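Close look at the chain arrangement
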2 protein chains.
Amino acid sequence: MIILGLDPAIRTTGYGVIEMQSSSRARILDCGVIRNHGRMPHSECVRRLAGGVRELIAAFHPDCASLESPFVGDNARTAIILGMARGAILTALAENNIAAYAYAPIVAKRAVTGLSHARKEQVALMMANEFSIAVSDIPDDATDALALALCHGQRAMQTQLDLLGTPL
Amino acid sequence: MIILGLDPAIRTTGYGVIEMQSSSRARILDCGVIRNHGRMPHSECVRRLAGGVRELIAAFHPDCASLESPFVGDNARTAIILGMARGAILTALAENNIAAYAYAPIVAKRAVTGLSHARKEQVALMMANEFSIAVSDIPDDATDALALALCHGQRAMQTQLDLLGTPL
């Protein structure tokens, strides 16, 4: 089972692609960031996000995707922009018939570190250990995406259907 | 100049396609609604919105699009969902190199009726008159989309570049 983890944002979307070999063994296929310049118009940002996700799908043929649940703050203006990034990404996934599940950040962190409020560096260390790579090989903004992919992979391989994230 | 007006929402997105013949003459090519059932998952909604916009582009080859600026309320949860609809639609437009402009509802209403706070029925009457069709031929949720298209068309034909909506 190949899983595409995504941590969507309009400027910096982290991704991680992993292959589950068993419910407790996974290997990393790729991780990185789709980065949009701060001055880029939103139309160009969503085009690049959807295009980037399509490229990942073409390269790795993921079976499913695991996204971070949107953080619902109290700023509706930033929420609309975050929603636009999610809409572009979800369109690319849906058009390729890739089921997407959403996990809250604390759920993904707890799943991979045992700690709901693990710091980003702790998550990165666990990911590096899990996938036998150097921490420095994981771009900062890809850490959460890898954790999301692994969180979903563990649950899906154990067919813990009641523990799966919210289907999007 | 052919303009695609869009009033985006996750469940009911209104559209109107018009052709500007001069700055004061326009004819309607199509109007209607992309409707998503309330129980449809968001992934299916965004897929249908992007697909619907692509179909309109293929049928009418619009030169540009005119969207309603998002109403920024104080509910961040609904703002994210509205953002997703906009992200899906903007992706389809951007991937077809169609420039999109946003107008606040009061701007579009004032442009087509002279009244910033015109009621929907007043806007519908003006649209029916403008395009020489029966009011009953305009679906309720397509009225604002037609007004957005006409608002942009008037300004673009007069090359009132300073009055054009926000480029998205």
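Only a predicted model underlies this, so the values are computations on that prediction, with no experimental measurement involved.

As for the overall build of chain A
From N to C terminus, chain A includes 5 helices and 6 strands. Secondary structure of chain A in N-to-C order comes out as β-β-β-α-β-α-β-α-α-α-β. Radius of gyration (C-alpha) of chain A: 15 Å, near the 15 Å computed for a compact globule of 168 residues. Overall size of chain A, expressed as C-alpha extent along the three principal axes, is 40 × 30 × 30 Å. In the form shown here, chain A has an accessible surface area of approximately 7400 Å², with 49% of it arising from carbon and sulfur atoms. With 15 positive and 16 negative side-chain charges, chain A shows a separation of 4 Å between the mean positions of the two kinds.

Focus: the relation of the copies chain A and chain B
When chain A is brought onto chain B, the operation consists of a screw motion whose angular component is 180° and whose axial shift is 0.0 Å, with 0.0 Å RMSD remaining. Each copy turns onto its partner about a two-fold axis. In this assembly, 100% of the residues forming the interface of chain A have copies in chain B that are likewise at the interface, indicating an isologous arrangement.

Here's the deal with the confidence of the model for chain A
Considering every residue of chain A, the mean pLDDT works out to 93; 99% of them sit at 70 or more. Both scores are given for the predicted complex: the pTM is 0.93, the ipTM 0.91.

Some details on the sheet that holds strand β5 (residues 99-103) of chain A
Residue and element names in this part refer to chain A. Taken in spatial order, the 6 strands make up an open sheet running β3-β2-β1-β4-β5-β6, and their pairing is mixed. One side of each edge strand has no neighbouring strand; the edge strands of this open sheet are β3 (26-35) and β6 (166-167). Relative to the sheet, helix α2 (residues 76-95) contacts β1 (2-7), β2 (12-20), β4 (64-68) and β5, its axis offset from that of β4 by approximately 170°.

Points about helix α3 (residues 105-113) of chain A
All names here are of chain A. Turning to α3, its buried residues number three or more, namely V107, A108, V112 and T113. Contact partners of the buried residues in α3: β5, α4 (120-130) and α5 (143-157). Immediately downstream of α3, the backbone of G114 shows phi near 85°, a positive value.

Notes on the interface of chain A and chain B
The interface of chain A with chain B comprises 28 residues on the first partner and 28 residues on the second. Both sides of the chain A and chain B interface together cover about 2100 Å² of buried area, and 75% of this is carbon and sulfur. Summed over the shared surface of chain A and chain B, the result is 2 salt bridges. In this structure, the salt-bridge partner of E95 of chain B is R54 of chain A, at a minimum N-O distance of 2.5 Å.

Observations regarding the pattern of salt bridges
Applying the stated criterion across every chain, the model contains 14 salt bridges over all chains. With a closest N to O distance of 3.1 Å, E121 of chain A and R119 of chain A form a salt bridge. Judged by its relative accessible area of 48%, E121 of chain A is partly exposed. Connected through salt bridges with shared partners, the residues R54 and E95 of chain A together with R54 and E95 of chain B form a single ionic network.

Focus: the nonpolar core
Among the nonpolar cores identified, the biggest contains 60 residues, and L4 and L93 of chain A together with L4 and L93 of chain B are the most heavily contacted of them. Residues contacting L4 of chain B, with those up to four places away along its chain left out, are Y15, G16, V17, V53, L56, P62, C64, A65, S66 and L93 of chain B. Counting 27 residues, the second-largest nonpolar core is a separate cluster that includes C31, C64, A118 and A142 of chain A.

Remarks on the pairing of β5 of chain A
All names here are of chain A. Of all 5 residues in β5, 4 are buried, a share of seventy percent or more. With 5 bridges joining them, β4 and β5 adopt parallel strand pairing. Residue pairing across strands places C64 opposite A99, the latter belonging to β5. Once you follow β4 into α2 and on to β5, the crossover reads as right-handed. In the sheet, β5 pairs with β6 via 2 bridges, with the strands oriented antiparallel. Bridge pairing in β6 places A102 opposite T166.

Structural notes on the packing of α3 of chain A against α4 of chain A
For any two helices packed against each other, one specifies the crossing angle of their axes together with the interaxial distance. Residue and element names in this part refer to chain A. One can describe the packing of α3 onto α4 by two numbers: an axis separation of 10 Å at closest approach and a directional angle of 45°. Classed by the angle they form, the pair α3 and α4 counts as oblique. The hand of the α3/α4 crossing is left-handed. Of the residues in α4, those in contact with K109, V112 and T113 of α3 are Q122, V123, M126 and M127. Per-class residue counts for the contact of α3 with α4 are 4 nonpolar, 2 polar and 1 charged.

Some remarks on the sheet that holds strand β1 (residues 2-7) of chain B
Residue and element names in this part refer to chain B. Across the sheet, 6 strands lie side by side as β3-β2-β1-β4-β5-β6; this open sheet has mixed pairing. Whereas interior strands pair on both sides, the edge strands pair on one side only; in this sheet they are β3 (26-35) and β6 (166-167). In this sheet, strand β2 (residues 12-20) lies alongside β1 in antiparallel orientation, the contact comprising 6 bridges. Directly across from I3, in β2, lies its bridge partner I18. Sheet contacts for helix α1 (residues 42-60): β1, β2 and β3; angle to β3, the most-contacted strand, approximately 160°.

What counts, and at which threshold
Residues numbered from 1 in each chain as written. Chains lettered and ligands numbered in written order. Predicted model: local features only at pLDDT ≥ 70, side-chain atom pairs only at ≥ 80, totals over all residues. Heavy atoms only, no water. Helix = DSSP H or I, 4+ residues; strand = E, 2+ residues; numbered from the N terminus. Rg over C-alpha atoms; globule rule 2.2 N^0.38 Å. Areas by Shrake-Rupley, 256 points an atom, 1.4 Å probe, with all protein chains shown as cover. Lys, Arg positive; Asp, Glu negative; His and termini not counted. Charge placed at Lys NZ, Arg CZ, Asp CG, Glu CD. Least-squares fit on C-alpha atoms with pLDDT ≥ 70 in both. Contact = heavy atoms within 4.5 Å. pLDDT = per-residue confidence, 0-100. Pairing = 2+ DSSP bridges. Axes fitted to C-alpha atoms, helices over the stretch in contact; angles between N-to-C directions. Buried < 20%, exposed > 50% of the residue type's maximum accessible area, 1.4 Å probe, protein only. Buried area = accessible area lost by both parts, 1.4 Å probe. Salt bridge = Lys/Arg side-chain N within 4 Å of Asp/Glu carboxyl O. Core = buried A, V, L, I, M, F, W, Y, C linked by side-chain atoms within 4.5 Å. Right-handed = clockwise from strand over helix to strand, strands pointing away. Parallel < 35°, antiparallel > 145°, perpendicular 65-115°, else oblique. Left-handed = near helix turned anticlockwise from the far one by under 90°. Nonpolar A, V, L, I, M, F, W, Y, C, P; charged D, E, K, R; others polar.

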